[in-house]
Amino acid sequence: MSKTKKVGLSVQQFLLRLRARNPYEPEFVQSVQEVVESLDDFIDSHPKYAGLLERMAEPERTIIFRVPWINDNNEIVINRGYRVQMNSAIGPYKGGLRFHPSVNLSILKFLAFEQTFKNSLTGLPMGGGKGGSDFDPKGKSDYEIMRFCQSFMTELHGHIGMNTDVPAGDIGVGGREIGFLFGQYKRLAKEFTGVLTGKHPGWGGSHIRPEATGYGLVYFVQHMLATRNKAIKGKRVLISGSGNVAQFACEKIIEHGGKVLTMSDSNGFVYDKNGIDIEKLEFIKILKNQKRGRIAEYADRYHCEYFENAKPWNVACHIALPCATQNELEFEDAVALVENGCYCVGEGANMPSRNAASDYFVEKKILYAPGKAANAGGVAVSGLEMTQNNMRTVWTHEKVDRELQGTMHRIHNTCVKYGKEGEFINYVKGSNIGGFIKVADAMLDQGAV
Ligand code: NDP
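Residues numbered from 1 in each chain as written. Predicted model: local features only at pLDDT ≥ 70, side-chain atom pairs only at ≥ 80, totals over all residues. Heavy atoms only, no water.

1. Side note on the packing of helix 14 (residues 377-391) against helix 15 (residues 397-419)
Alright, step 1. Relative to each other, helix 14 and helix 15 sit at 130°, their axes nearing to 10 Å. Overall, the two elements helix 14 and helix 15 adopt an arrangement that is oblique. In the packing of helix 14 onto helix 15, the handedness of the crossing is right-handed. Only Val400, Glu403, Leu404, Thr407 and Met408 of helix 15 make contact with helix 14, whose side of the interface consists of Gly377, Ala380, Val381, Leu384 and Gln388.
Alright, step 2. Of the residues in the contact of helix 14 with helix 15, the class split is 6 nonpolar, 3 polar and 1 charged. (Axes fitted to C-alpha atoms, helices over the stretch in contact; angles between N-to-C directions. Helix = DSSP H or I, 4+ residues; strand = E, 2+ residues; numbered from the N terminus. Parallel < 35°, antiparallel > 145°, perpendicular 65-115°, else oblique. Left-handed = near helix turned anticlockwise from the far one by under 90°. Contact = heavy atoms within 4.5 Å. Nonpolar A, V, L, I, M, F, W, Y, C, P; charged D, E, K, R; others polar.)

In structure tokens, the structure reads:
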């Protein structure tokens, strides 16, 4: 039973209203519920913040549009495009674009809500947003991708800008798509500005942006492990996904002497008992980024086990890094991980754990970092890309990597500051309170907007 507040709603009342206002949006409700529950005591003891979460759970603006494009058979295909401009209290909306058939308003609202807290945690002046389409890039030719991106941007361009809303990549949107989207924006707006991040470093991108989410995740995990005098060297690591975040998390784990046992895609996972080394990872990068093939081909090439339609969470490990998608880790998976010896979970993906799974990790007092803290390195370097674009300069690889390391360290410190419960660090609470304060203070300063 949640308590009744003197000011504002109880958690129960809040959730009832939230569900009633957003009846077909389970992912959005899930992400807000996690935050509301962990902020309840904090808001009780800081009554000036009462009522602010209700405002934060309502997007400032949502744009939904038709995306007509012509496929290679000369047929007109219709997809749906979205941009959720969630919160601009501390800066222009900022957050990725996702192209995946599962995309809907609920998923994009949850991502935009999480993004608001994550961007605040980076310490950079970026608001929260997210967008995308139910377009499926799988099996499409480069020309089809280009025509889709051009049509998508033809509508979106009027709603974004370097001081308004700066999208980036996410699932299904990598360097190729950002290139096509940027080209069309430039053509329509008739200006070359940093309106998108994740651009190629040859024309306005930042070094380390592709690596940033995966590397940042591993930097964060190092700080978590250090609180228990542990290090990555020699540890058994499970990674899910085999896209951008998974690849660079794998690379950094290998660099620090960890043994990566698994990677996956939406068809299944590979279990390589000998560990994925740099040469094998190179095979995965070419397979996924150029040939756009399936992870099962890794098992054929390196003669290891492949589990179709399965997830890797039953494999014994010390560290688990879910890097694929939301809700890929159920309660039973969390139990299996902990029972098999896992003591550290760092989320590369956004909300990969169901609330029951993350509650279980906290209850068992393992090192557990939610995505809004652990995967914030990507958007942090996007913020640095915006800075470089504004300054019309390009920073070195080393400088950006140093900045990224500093940012992940500061985010870890914020989580410790607000999440310490005796000896235990509750990273869920720490990241939610740490991300909330800056946005909430800015909203109070700016009045009823
Ligand atoms: P990619 O598209 O590069 O890779 C996604 C990976 O996840 C692929 O291996 C994909 O498999 C798998 N996947 C996608 N959907 C599902 C599904 N429904 N079930 C099982 N596997 C699935 O995306 P990213 O690596 O960029 O993103 C991965 C996660 O990280 C997402 O949650 C994203 O929001 C989050 N993230 C990304 C950031 C970035 O900078 N890119 C920043 C912060 C968070 P398949 O090839 O079969 O689709």
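2. As for the sheet that holds strand 11 (residues 344-346)
Alright, step 1. Strand order in the open sheet formed by 7 strands is 9-8-7-6-10-11-12, with mixed pairing between adjacent strands. What marks the edges here is a single partner per strand, and that holds for strand 9 (305-308) and strand 12 (367-369). Along the sheet, successive strands turn relative to each other by an average axial angle of 15°, direction set aside.
Alright, step 2. Here strand 10 (residues 319-322) pairs with strand 11 via 2 bridges, running parallel. Of the residues in strand 11, the one forming a bridge with Ala320 is Val345. (Pairing = 2+ DSSP bridges.)

3. What to know about the packing of helix 2 (residues 26-45) against helix 4 (residues 105-121)
Alright, step 1. Closest axis-to-axis distance for the helix 2/helix 4 pair is 6 Å, and the angle between their directions is 30°. One finds that helix 2 runs roughly parallel with respect to helix 4. For the pair helix 2 and helix 4, contact is made by Pro26, Glu27, Phe28, Ser31, Val32, Glu34, Val35 and Leu39 and by Ser106, Ile107, Lys109, Phe110, Phe113, Glu114 and Phe117, respectively.
Alright, step 2. When grouped by side-chain class, the residues that make up the contact of helix 2 with helix 4 number 9 nonpolar, 2 polar and 4 charged.

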